[in-house]
Amino acid sequence: MHNLTRGQPTNENAINNVAKPNTPSAYPAYRLPTYGFVKPPELRGQPQVIYPIVIVGAGLSGLTLACRLAQLGVAAVLLDEDNTVGVKGASSRGICYTQQSLEIFSRLGIFERIAAKGVAWHTGRTFAGNDEVFSFDLRERQQFSHSVQPPFINIQQFYIEMFLVERIQALNHTQPLVDLRWKSRVTGFSQNDDLATLQVQTPAGTYALQAQHVIDASGSHTPFHAWVGANMDSKRGDDRWCIADVRFKHTPPAERHTWIEAPFNDNRAVWQHLMADDVWRIDYQMAPDADPAYVSREDVVRERLRKQFGPKVECELVWVGPYAYKSQCLHRLRHGRLFFIGDTAKVVSPFGARGGNTGIADADNLAWKLAAVVRGRAPGELLGSYHPERHQAAQRNVQVTNRTARFLRAPQGAERLFRDATIGLAKQHAFARPLINTGRMAEANRYTLSNVCQDNGGFMVQNTSVQFADRTHGTLADLINWANGHMLLLVFGELSTKDIARLQSLTKLAFVRAVQVVHKKPAQVLECVTDTNKQLRQACHAEKSQWVLVRPDAYVAAKGKTLNAQLVKSLAMSLALH
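Bear in mind that the values here come from a model prediction, so they are computed numbers and not experimental data.

> How do you make sense of the overall build of the protein when you look at a structure like this?
Along its length, the protein carries 16 helices and 26 strands. Relative to a compact globule of 578 residues, whose C-alpha radius of gyration would be 25 Å, the protein shows 24 Å and is just as compact. The principal-axis extent of the C-alpha atoms belonging to the protein is close to 75 × 65 × 45 Å. Within the protein, the proportion of its 578 residues that are buried is 60%. When the 66 basic and 51 acidic side-chain charges of the protein are each reduced to a single mean position, those positions are 3 Å apart.

> Looking at this model, I keep getting lost on the sheet that holds strand β4 (residues 119-121). Mind explaining?
Sheets are built from strands paired through backbone hydrogen bonds, the pairs being either parallel or antiparallel. The strand order β3-β7-β4 describes an open sheet built from three strands, whose pairing is antiparallel. Lying at the two open borders of the sheet, with one neighbouring strand each, are β3 (96-98) and β4. Adjacent strand axes in the sheet meet at a mean angle of 30°, parallel and antiparallel pairs treated alike. Inspection of the sheet shows β3 paired to strand β7 (residues 152-154) by three bridges, in the antiparallel sense. Each bridged residue has a counterpart across the sheet, and for Thr98 the counterpart in β7 is Phe152. Contacts from helix α3 (residues 99-108) reach β3 and β7, with the element oriented near 75° to β3.

> Which parts of the structure should I look at to understand the packing of α3 against helix α10 (residues 356-374)?
Helix-helix packing is characterised by the crossing angle of the two axes and by the distance between the axes. One way to put it is that α3 packs onto α10 with a least axis distance of 9 Å and a crossing angle of 45°. Here α10 runs oblique to α3, going by the angle between their axes. For the crossing formed where α3 meets α10, the hand is left-handed. Residues Gln100, Ser101, Ile104, Phe105 and Arg107 of α3 form the contact with α10, whose participating residues are Asn357, Ile360, Ala361 and Asp364.

> Any chance you could explain the pairing of strand β12 (residues 232-248) here in plain terms?
Consecutive residues of a regular strand have side chains that alternate between opposite faces of the sheet. Pairing of β12 with strand β16 (residues 315-330) involves 14 bridges; the strand directions are antiparallel. Opposite Phe248, over in β16, you have Cys315 as the bridge partner. Bridge analysis of β12 against strand β15 (residues 280-286) gives seven bridges, and the strand direction is antiparallel. The residue bridging Val246 from the neighbouring strand is Trp280, located in β15.

> How should the packing of aromatic side chains be read in this particular structure?
Each aromatic ring pair is summarised here by two numbers: the centre-to-centre distance and the angle between the ring planes. What the rule picks out here adds up to 14 aromatic pairs. A centroid spacing of 4.8 Å and a plane angle of 15° characterise the contact between Trp121 and Phe152, whose relative ring orientation is stacked. Here Phe152 lies in strand β7 and Trp121 lies in strand β4, a separation of 31 residues in the sequence. The exposure classification of Trp121 matches that of Phe152, with both residues buried. Note on Phe158 and Tyr159: the rings are 4.7 Å apart at their centroids and 45° apart in plane angle, and the pair reads as tilted. The buried category is assigned to Tyr159, whose relative accessible area is 14%. Linked through ring pairs, Phe127, Trp259 and Phe264 together constitute an aromatic cluster. The ring of Tyr284 is capped by Arg304, whose NZ or CZ atom sits 5.3 Å from the centre of that ring.

> Teacher, can you tell me more about the sheet that holds strand β21 (residues 473-475) here?
Pairing within the open sheet is mixed, and its seven strands lie in the order β21-β20-β24-β23-β22-β25-β26. Sheet topology places β21 and β26 (556-560) at the edges, where each strand pairs with a single neighbour. Between one strand and the next, the sheet's axes are offset by a mean angle of 30°, whatever the strand orientation. Where strand β23 (residues 512-518) lies against strand β24 (residues 528-530), three bridges are found, and the strand directions are parallel. By the bridge assignment for β24, Gln516 is matched with Cys528.

> Would you mind showing me how to read the nonpolar core here?
Grouped burial of nonpolar side chains is what soluble globular proteins tend to show. If you look at the biggest cluster of nonpolar residues, it comprises 98 residues, and the most contacted ones within it are Leu69, Phe105 and Leu489. Sequence-distant contacts of Leu69, defined by excluding residues within four places in its chain, comprise Ile53, Ile55, Val74, Ala76, Ala367, Leu370 and Ala371.

> Help me out: how do you make sense of helix α12 (residues 414-426) in this one?
Residues separated by three or four positions in an α-helix point in the same direction, a consequence of the helix having 3.6 residues per turn. Under the 1.5 Å per step criterion, the end-to-end length of α12 is 18 Å for 13 residues, consistent within 8% with the ideal 18 Å. Of the positions making up α12, those classed as buried are Arg419, Thr422, Ile423 and Ala426. The arc that holds every buried residue of α12, seen down its axis, measures 95°, which confines them to one face. Opposite the buried face of α12, by more than 90 degrees, sit the exposed residues Ala414 and Leu417.

> How do you make sense of the pairing of strand β9 (residues 185-191) when you look at a structure like this?
Note: β9 against strand β10 (residues 196-202), six bridges, orientation antiparallel. Note on β10: the bridge partner recorded for Gly188 is Gln199. Joining the antiparallel neighbours β9 and β10 is a turn of four residues.

> I tried to follow the environment of Lys346 on my own but got confused; where do I start?
In this fold, Lys346 is placed in strand β19 (residues 346-347). The buried category is assigned to Lys346, whose relative accessible area is 2%. Residues Lys346 and Lys520, spaced 174 residues apart in sequence, show a C-alpha to C-alpha distance of 46 Å. Contacts of Lys346, omitting those with residues within four sequence positions, involve Gln328, Cys329, Arg354, Gly355, Thr358, Gly359, Asp362 and Ala394. Of note is the side chain of Lys346, whose polar atom sits 3.2 Å from the backbone oxygen of Gly342.

Rules of the game
- Residues numbered from 1 in each chain as written.
- Predicted model: local features only at pLDDT ≥ 70, side-chain atom pairs only at ≥ 80, totals over all residues.
- Heavy atoms only, no water.
- Helix = DSSP H or I, 4+ residues; strand = E, 2+ residues; numbered from the N terminus.
- Rg over C-alpha atoms; globule rule 2.2 N^0.38 Å.
- Buried < 20%, exposed > 50% of the residue type's maximum accessible area, 1.4 Å probe, protein only.
- Lys, Arg positive; Asp, Glu negative; His and termini not counted.
- Charge placed at Lys NZ, Arg CZ, Asp CG, Glu CD.
- Pairing = 2+ DSSP bridges.
- Axes fitted to C-alpha atoms, helices over the stretch in contact; angles between N-to-C directions.
- Contact = heavy atoms within 4.5 Å.
- Parallel < 35°, antiparallel > 145°, perpendicular 65-115°, else oblique.
- Left-handed = near helix turned anticlockwise from the far one by under 90°.
- Phe/Tyr/Trp six-rings, centres within 6.5 Å; stacked < 30°, edge-to-face > 60°.
- Lys NZ or Arg CZ within 6 Å of the ring centre and 35° of its normal.
- Core = buried A, V, L, I, M, F, W, Y, C linked by side-chain atoms within 4.5 Å.
- Expected span 1.5 Å × (residues − 1).
- Arc of directions from axis to C-beta.
- Polar contact = N/O pair within 3.5 Å; in protein donor to acceptor, adjacent residues only side chain to side chain.

Everything listed is a geometric property; what it means functionally is a separate question.
Structure follows, in structure tokens:
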């Protein structure tokens, strides 16, 4: 996903000078909601309490985490130093949301709003000069083919954040669990064996906030890195880009186009995406020594648009701004009672939608584990599985996006020769076209290093459709929500009397819910769904398995051929009960 917080161009002052005139008064298309500051209980003389969870940062990952915790009935405090979503006066930021994120949003109850507002897509075309050198249709790939959600939806990031805030507010009407605290800036952090303490600055004064667990979702420039002495691998690129959010009077074809060598941009790369409100996101690669203020100047951007779309193009500039790349990955995503998620954990280049989407996955991974520990369903050791799973994902995404960045602006030598040869061959021969690398599209990461998944698990199950006993239609997401934070045991096919007795005994435990999955015949146990086309079984890679243990984040913990001691062992392992 595109993410404007991934790095800063070299000329920091020039960036600031450019950003100032690009405020809502100059580009009025983006109107962000504002949320009122409420004086916290700590400043109203109420007794000090230790909160189970405090989240710092109301961006994509922080709001996703808070929303999932509220859905699971777990209290949390969410702090944000602003009073709105997105960035005031800034662009659409992230726009490309993966199928995995859309499935998470389906479980959170906001997918329908996203689908109604955004633009779904599954195909893309890549050009070198005037020649098409690569195209794809994600629906033809098995890893995208089973879900009821599309492979991607384009929508401005602030809409997602706004939908999440409103969903949290709606959940709070039923049971007030998430305390949204706006205009609350964290200025200090300390921790010991018993608790963590944050210093919070507000318009009404500064106070101390105590918590059992703290999650930093405040972005790549977080002060928490320094406060805990976090080590990281970091690399700042010299690639320079100019982003333009544009609304045309006569719109181009609604396709995702990329150019490796765009003749209208000095043979540099260009991205062209349609998103909500009929606004197009166009990313122009600039020269490494380009002046950020100059390339983002309105008259320069309009001339660039005329080169691309013709001298008579009529359009409105919704937002314009420069940006640069940085890749960064922490060595440890957990420091005592502090967890890093989203851009605080890693920063990647935007190629293939691997930025904000991985932050959403971070939040979904951590949320159910925090809920299980806070609710007493699992020991604290379960939280130790967050780092190996999401750190593996972070490292993979940094690696993949760095390769794309080097392909797009390959250094002189062997890499430049390979790139040029690949482009030349792709214009003539199909075998070379998959080597064109303008971004390997993101899919759910596999957890091969997990300490709570069996070797045959660690992959995410697509959100397939099912039919319930009353013949109504639903999805795997409905089953996961029904399980309410418990492990979901899917049992396929016919069951013997002995198997039924084992299941009934197992489901008496407080941390597992079982569902029989049949293809035609009626249910033999209380809860049952029909998987007529065996899509759920295929998505679980369970053609030879009788059961699959699915976690609350839709990842498979384990699968097996018979209902025996292996199932009990796998269940214990998935919750760190060994």
